Amino acid sequence: MSKEKNLDTAFFGQPRGLSTLFFTEMWERFSYYGMRAILLFYMYYAVTKGGLGMDQATAASIMSIYGSLVYLSSVVGGWLSDRVWGSRKTVFIGGVLIMFGHIALSLPAGVTALYISIALIVAGTGLLKPNVSEMVGGLYSSDDERRDSGFSMFVFGINLGAAVAPWAVPWAANGFGLHLFGNEMNFHAGFSLAAIGMFFGLLQYTLDGRKYLSKDSLYPNDPIEKDDLRPIIIWTCVGVAVLVVVLGLLAAMGQLNINNIINIITFIAIALPIYYFIMMLNSKKVTKPEKSRVLAYIPLFIAAAIFWAIEESGSVVLALFAEQRTVLHIGSWHFAAANFQTLNPLFIMLLTPVFVALWDHWKGQPSAPGKFSAGLVFAGLSYILMALPGMMFGTAGRVSPFWLVGSWFIVEIGEMLISPIGLSVTTKLAPKAFKSQMMSMWFLADSAGQAVNAQIVKYYSSATEVPYFIAVGLVSIVFGIILMFFVKKIHGLMDGVD
């Protein structure tokens with residue numbers, strides 16, 4: 001790493017390339033969270049209201065499996081960057097696919113456009129998201145003290161885009177405050193704004209990237225050799241063939257429908273991490289202390305999956321509660337149900353400096369398993385809180401928006417205890433021979449949690465909200481308490497890692 005790069009302080013004391021990646025990811029998150037804020041409503045609103053008229057349970061299930069697929073695809077995106085394209089090209093291709101995915105949704109082409117959009121955005125996000133973060137690291141030498149603050153600024157950019165989008169995109173869908181579309185929602189106008197956001201991100205990335213990003217990002221870190229390529233092609237063909245056979249059998253039996261496709265994806269999202277764990281525990285490349293650490297990671301992985309199932313429900317179950325059960329005004333201030341999606345990134349931005357200061361000054365702080373245990377309890381409590389309005393006032397009317405605000409605040413405390421800690425402990429517990437695969441496991445925890453969500457959200461409705469929130473919340477709390485009793489045992493298996 002050259003001295004010139006270390007001395008580059010053009011972006012608030014950080015390398016100029018951080019500005020490129022900051023705004024690229026900010027616009028990408030703007031497009032994704034903006035689309036996600038209104039997508040559920042687009043799917044199940046009646047056609048007369050501008051929607052697709054889907055069954056609510058199916059729409060909620062699609063939203064959850066969509067999120068699961070995004071994290072599944074990131075595993076492939078990381079591999080393509082490391083072995084084939086390099087991060088610079090991989091991120092660009094991902095951004096183009098995302099933009100076309102939003103363009104597909106902006107066209108009034110019905111369910112077909114929806115599924116095309118999902119495929120494009122899933123593939124594009126999988127290519128872009130993991131590799132932008134990797135490129136941020138490439139801006140700094142290993143001994144550059146600005147690295148942590150640079151990543152903090154980058155994460156702020158992510159949350160800034162995610163916080164603004166749930167206001168801007170619904171505003172566009174509602175006619176920019178000018179009532180251009182009458183009483184009907186023009187969802188396609190909102191999706192168009194998401195597409196424009198991704199276009200700006202690509203423009204920033206392309207023009208600035210040539211000047212300010214590391215030349216190393218143009219090349220794969222571990223280029224694939226010809227000898228390695230043949231078995232990969234064979235196994236890819238086998239996987240595709242198996243999938244085609246399964247889909248063909250379902251079609252022949254008249255069972256090829258969206259629910260069965262969701263079931264297949266759920267199976268893959270749960271089976272894949274199980275395969276990874278078995279592979280690492282049986283690998284001769286993994287030493288005995290490393291196997292102990294992998295074993296320690298299993299309960300943390302399960303805890304993370306449970307947590308993400310609740311946290312990611314903000315765009316599904318809590319979105320339904322916002323639209324159907326919440327008073328959408330405070331005094332004379334009126335707002336849209338989609339606006340609540342801003343609470344997640346907003347609370348992350350507010351809580352992050354508090355928890356950074358806490359970990360810096362708390363000498364006797366809990367170990368990673370202890371923090372995971374507390375995080376699960378907080379996540380469960382956020383759902384128990386959501387059961388209270390139904391228990392107190394019934395489920396037929398509307399209740400104060402502050403129930404949702406409180407629930408999001410509590411679950412984001414849980415995220416502060418699990419998300420950054422999980423990222424850190426995943427890298428520390430990773431066997432030397434499987435560092436990249438272990439990082440993929442963190443994404444797979446989110447994928448598995450949302451895949452399970454895709455099955456259980458079918459049972460949510462206003463009529464079932466109280467038992468639903470209590471059941472899911474108690475699962476999280478009970479697992480958190482059980483984990484608490486095994487903190488010392490898990491910490492011992494971590495074999496010196498804190």
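Residues numbered from 1 in each chain as written. Predicted model: local features only at pLDDT ≥ 70, side-chain atom pairs only at ≥ 80, totals over all residues. Heavy atoms only, no water.

Selection criterion: UniProt positions are given in the numbering used here, feature names are shortened, and annotations may be inferred rather than shown by experiment.
The name that an unreviewed UniProt entry assigns to the protein is Peptide MFS transporter, with the source organism given as Limosilactobacillus avistercoris. Under the Subcellular location (unreviewed entry) heading, UniProt states for the protein: "Cell membrane".

### Concerning the packing of helix 2 (residues 16-44) against helix 5 (residues 110-137)
To keep it simple, the criterion reads: Only the stretch in contact is used when fitting a helix axis, every axis being a line fitted to C-alpha atoms; angles between N-to-C directions are given from 0 to 180 degrees. The way it works is that DSSP assigns letters per residue, a run of H or I at least four long becomes a helix, a run of E at least two long becomes a strand, and they are numbered from the N terminus. By the definition adopted for this analysis, an angle is roughly parallel if under 35 degrees, roughly antiparallel if over 145, roughly perpendicular if from 65 to 115, and oblique otherwise. We call a crossing left-handed when the near helix sits turned anticlockwise from the far one by less than a right angle, and right-handed when that turn is clockwise. Only heavy atoms matter for contacts: two residues are in contact if any of them lie within 4.5 Å across the pair. Residue classes follow a fixed rule: Ala, Val, Leu, Ile, Met, Phe, Trp, Tyr, Cys and Pro count as nonpolar, while Asp, Glu, Lys and Arg count as charged, and any other residue, Gly among them, counts as polar.
Contact geometry for helix 2 and helix 5: axes closest at 11 Å, N-to-C directions at 150 degrees. With respect to helix 5, the axis of helix 2 lies roughly antiparallel. The crossing of helix 2 and helix 5 is left-handed. Between helix 2, through L18, L21, E25, E28, R29, Y32, M35, L39, Y42 and M43, and helix 5, the contact on the second element is made entirely by G110, L114, I121, T125, L128, K129, V132, M135 and V136. Tallied by class, residues from the contact of helix 2 with helix 5 come to 13 nonpolar, two polar and four charged.

### Thoughts on the side chain of E312
By the secondary structure assignment, E312 is in the loop between helix 10 (288-311) and helix 11 (317-325). Dropping the residues within four chain positions of it, E312 is found in contact with R36, Y71, D446 and Q450.

### Observations concerning the packing of helix 11 against helix 16 (residues 465-485)
Across the interface, helix 11 lies against helix 16 with an axial gap of 13 Å and an inter-helix angle of 155 degrees. Comparing the axis directions of helix 11 and helix 16 gives the class roughly antiparallel. Crossing of helix 11 against helix 16: the hand is left-handed. For the pair formed by helix 11 and helix 16, the contact residues are V317, L318, F321 and R325 on the first element and E465, Y468 and F469 on the second. Classifying every residue of the contact of helix 11 with helix 16 gives five nonpolar, no polar and two charged.

### So, the environment of I490
Within the fold, I490 resides in helix 17 (residues 487-493). Measuring from C-alpha to C-alpha, the distance between I490 and L300 comes to 9.0 Å, with 190 residues separating the pair along the chain. Aside from chain neighbours lying at most four places away, what touches I490 is A296, P299, P369 and L483.

### Considerations on the confidence of the model for the protein
The condition is simple: The pLDDT value tells you how sure the predictor is about a given residue, anywhere from 0 up to 100.
Looking at the protein, pLDDT values average 90 and 97% of them are 70 or higher. When pLDDT is averaged over each element of the protein, helix 16 comes out on top at 97 and helix 1 (residues 3-6) at the bottom at 45. The low-confidence segment residues 1-6, where pLDDT is below 50, has eleven contacts with residues more than four positions distant or belonging to other chains.

### Structural notes on the nonpolar core
Selection criterion: The term nonpolar core refers to a set of buried residues drawn from Ala, Val, Leu, Ile, Met, Phe, Trp, Tyr and Cys, joined through side-chain atoms within 4.5 Å. Burial classes follow relative accessibility: with a 1.4 Å probe on protein chains only, a residue under 20% of its type's maximum area counts as buried, one over 50% as exposed, and anything between as partly exposed.
Counting 112 residues, the largest nonpolar core has M35, L39, F372, M441 and F469 as its most contacted members. Among the elements that take part in this core, helix 2 stands out by supplying twelve residues, more than any other. Among residues more than four places away in sequence, those in contact with M35 are Y66, H102, L105, I121, F191 and A194. Counting 20 residues, the second-largest nonpolar core is a separate cluster that includes F22, I98, F154 and Y205.

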